[in-house]
Amino acid sequence: MKLFKLMPLFIAVIVISSCESELTDLENIGTQTAAVYFNDPENALAGLSSCYASIQDDEYFVFGDIMSDDAIKGGSNFFDWVDREYIRTFTANSGNGTSGGTWSLMYRTIVRCNEVINALPSATFDEDLKLRIIAEAKFIRAYAYSKLVPLFGGVPLVTKDFTVDNLTAPRSSVTEIYAFIKEDLNDAIANLPEKSEYAVADLGRVTKGAARLLKVRVLMQETAYVNNPVLAASAAHTVDLIANWNEVYTLTNAIIGSGEYALASNFATIFEEAGENNIESIFEIQHKQTNNEWGESVGNTTIVQMGNRDDWGWCFNAPTDALYNTFLSTDPRLLNTIYGQEFDVLYGVAQTWQKQLWTLDDDSTKEFVTKTRLNRKYALAKEDRASNHNNQDVNKRVMRYAEVLLARAEAAHFKGFEGEARNFVNQVRTRAQNSTMPLGSALGQTSGYTYDNFSGASVPPVTSTGDALLLDIWKERRMELAMEGIRYFDIIRTGRIDLLPNESNYASHDGLLPLPIGDVNTFGLPQNKGY
C-alpha cells in the first residue's frame, strides 16, 4: 500500500498428518505450524498484507461497467480480449478466462484470509492488534464473497484451511453466503478502528466506515432477490425488504454521524493524485509503482487498459451514448468522467481516435456508441505514466462518501422520508455544480496544470416526489459513480434487466456466469444453468 508496506506473498503452511509409522512419534523440530508463525505480530501483519495484495488485480470495471449499459468492451477489435464481450452478452462458456480469473482471484483472497483468521485466535501478542488484524481479514474475505455471489450465485463457502484430507467444498446456498458475509462484516464493524484512529503509517487500511459501507452494499444487493424477476425465480432466497432498508438507513446514519468523512469540495480532484485517500475516501485499493522481491506487481494493472490506444493505452471500457446522454451538458461531472470526440483535450493534448473508430461501425457495438469515448477518471498525464505500463501508481477508488449519501437517500425514500432523501441527493448535486473543468483541460497546457472554471455550470436540485424521486436517486447514482464498477450491480438489484446489453441471454442463464470448468470437474460442483 502507499504508506504501510505491502508484501504480496502467499504464506504456505505445511501440515503433516499422522500416519501409521513410528517416525511420526518423533519430534519434528523443522516444522513451523501456522499457530507458531502467526504468534509473531510482524508475521501476522505480513500475512494480512498478502490478503490486501490479493485483491489488487480486481478488474472491477469489467463486471460493473462493461456488463452494464454504461460501457462497451472496446479494445483494438471485437476479438481483443473477447472473453469480456462474451460475459457482457452472457454468451460465455465455462472456459471463459475473464469470469474464471475473477473466480480464482477471489478464492485466492479467501484462502489467504482464512489462514490469518483461523491462526490468530491462539496468538498471545497484543489483544487489540490481534482483533484488528482478524477484523481486517474478515472485511477482505467478505469483500471477496460479495463479489462472487452476484456473479455466480451460491458458491463454495470455504472457511477452513485446506489440507490433503480436505480439498473439497460443496456449493452453498445464496442464503448461506449472504448470512456469512454479514456475520464477517458485523465482526469487522465491531473491531475495526475509525479512519482517524489509525496511525499515519497505516493510512489505507480498512476501517469501521468501510465495513459499514460494504454491508450497505451487500444489503442493497440482496434486494435483487425480490426486485429482479430472474433471481427471484431461481435463487430461493427470502429477503425482508423493510428490514434491509432499515439497516441501510441505520448504517449510513452511523457513517455520516461519525464525522470521519465529507464530500471533496471539487469533484474534479477526486481521481487525481492529490485526491488519493482524501476526506471523501472510504476505501481504496492501494497501489505503488514498484515490484517487490517476489516479482508480484503492486502497481495498478488496469489503468493502461482504459487509456487511448492512439496515445497510450488499450481503449477498453468505452462509455456508451446512454451514459453520456444521462448527464446535463452543464454538469461538470460529465467532462470529469468522459473524454472523447465530444471533448478531446487530455492534460493539454488534443487526442485522436483512429484505433477506436471500429466501434462506430462494428455490429457488436454500433448500436451503443456513435462517438469514441474513454474513462477520464483514470486517465494519466504523459509524465505520470510508468515505463512498465502494467504497473501504475494509481489507487483504485472503491468506496466514496458520495455513495453513502446516495444510499441514505434511497433508504430514506423507502422509509417515506422524501424531504430527507432529496436533501442527501442535493448535497451531491450541489458539489457537482460547484466543481471545475478537469485538471489540464486547456489545449496546450502540458505542464503546470490547473483546474479551470466550468463556464455555465448548472446542476439544479431535485424536487421530485414518489416514484419519480426514486428514479432520480438511481439516475444520480449512475452519474456520480459512473465508471467505478457499480452500474451493473445497480441494474441487477433494482430489477431493470431490460437495460442490459442482452436481457434474453441474462434470463436464460438465471443471471449468472459460468463456474470454471476445471473446478466443476475437479470438485464436482454443479454448473450454473445454460453452461
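Calculation notes
Residues numbered from 1 in each chain as written. Predicted model: local features only at pLDDT ≥ 70, side-chain atom pairs only at ≥ 80, totals over all residues. Heavy atoms only, no water. Helix = DSSP H or I, 4+ residues; strand = E, 2+ residues; numbered from the N terminus. Buried < 20%, exposed > 50% of the residue type's maximum accessible area, 1.4 Å probe, protein only. Contact = heavy atoms within 4.5 Å. 1 Å grid on protein atoms, 1.4 Å probe; cavity = no way out; pocket = protein on both sides within 12 Å on 5 of 7 lines; lining within 4 Å. Points joined across faces, edges and corners; volume = space filled by probe spheres on them. Nonpolar A, V, L, I, M, F, W, Y, C, P; charged D, E, K, R; others polar. Core = buried A, V, L, I, M, F, W, Y, C linked by side-chain atoms within 4.5 Å. Pairing = 2+ DSSP bridges.

Caption draft 1: How the structure looks around the environment of K371. Here K371 is to be found in the loop between strand 6 (349-350) and strand 7 (373-375). The partly exposed category is assigned to K371, whose relative accessible area is 38%. When the C-alpha positions of K371 and L360 are compared, they lie 6.8 Å apart, and in sequence the two are eleven residues distant. If sequence neighbours within four positions are ignored, K371 has contacts with D321, Q341, E342 and L360.

Caption draft 2: Up close: the environment of K208. Following the sequence through the fold, K208 ends up in helix 8 (residues 208-222). For K208, a relative accessible area of 15% puts it in the buried group. Once the C-alpha coordinates of K208 and S76 are considered, the two residues, 132 residues apart in sequence, prove to be 42 Å apart. When sequence neighbours within four positions are dropped, the list of residues in contact with K208 reads I189, A190, N191, L192, P193 and E194.

Caption draft 3: Geometry of the layout of surface pockets. Estimates place the volume of the second largest pocket at around 320 Å³. Contributing to the lining of the second largest pocket are 20 residues, with E272, E273, L380, D384 and V394 lying nearest its centre. Of the residues contributing to the lining of the second largest pocket, the split by class is eleven nonpolar, one polar and eight charged.

Caption draft 4: Representation of the nonpolar core within the structure. Ranked by internal contacts, the top residues of the largest apolar core, which has 119 residues, are F139, Y145, L148, I282, F283, Y488 and Y506. Considering each element in turn, this core owes the most residues, 14 residues, to helix 6 (residues 127-152). With sequence-adjacent residues up to four places away left out, F283 is seen in contact with I55, F139, G204, V206, A210, K396, R397, V398 and M399. Counting 14 residues, the second largest nonpolar core, distinct from the first, contains Y324, L334, I338 and V345.

Caption draft 5: The pairing of strand 2 (residues 281-285), seen in detail. In terms of residue burial, strand 2 counts as a mostly covered element, since five of its five residues are buried. Note that strand 2 and strand 8 (residues 396-400) share four bridges and pair antiparallel. In the sheet register, S281 faces strand 8, and the bridge partner there is R400.

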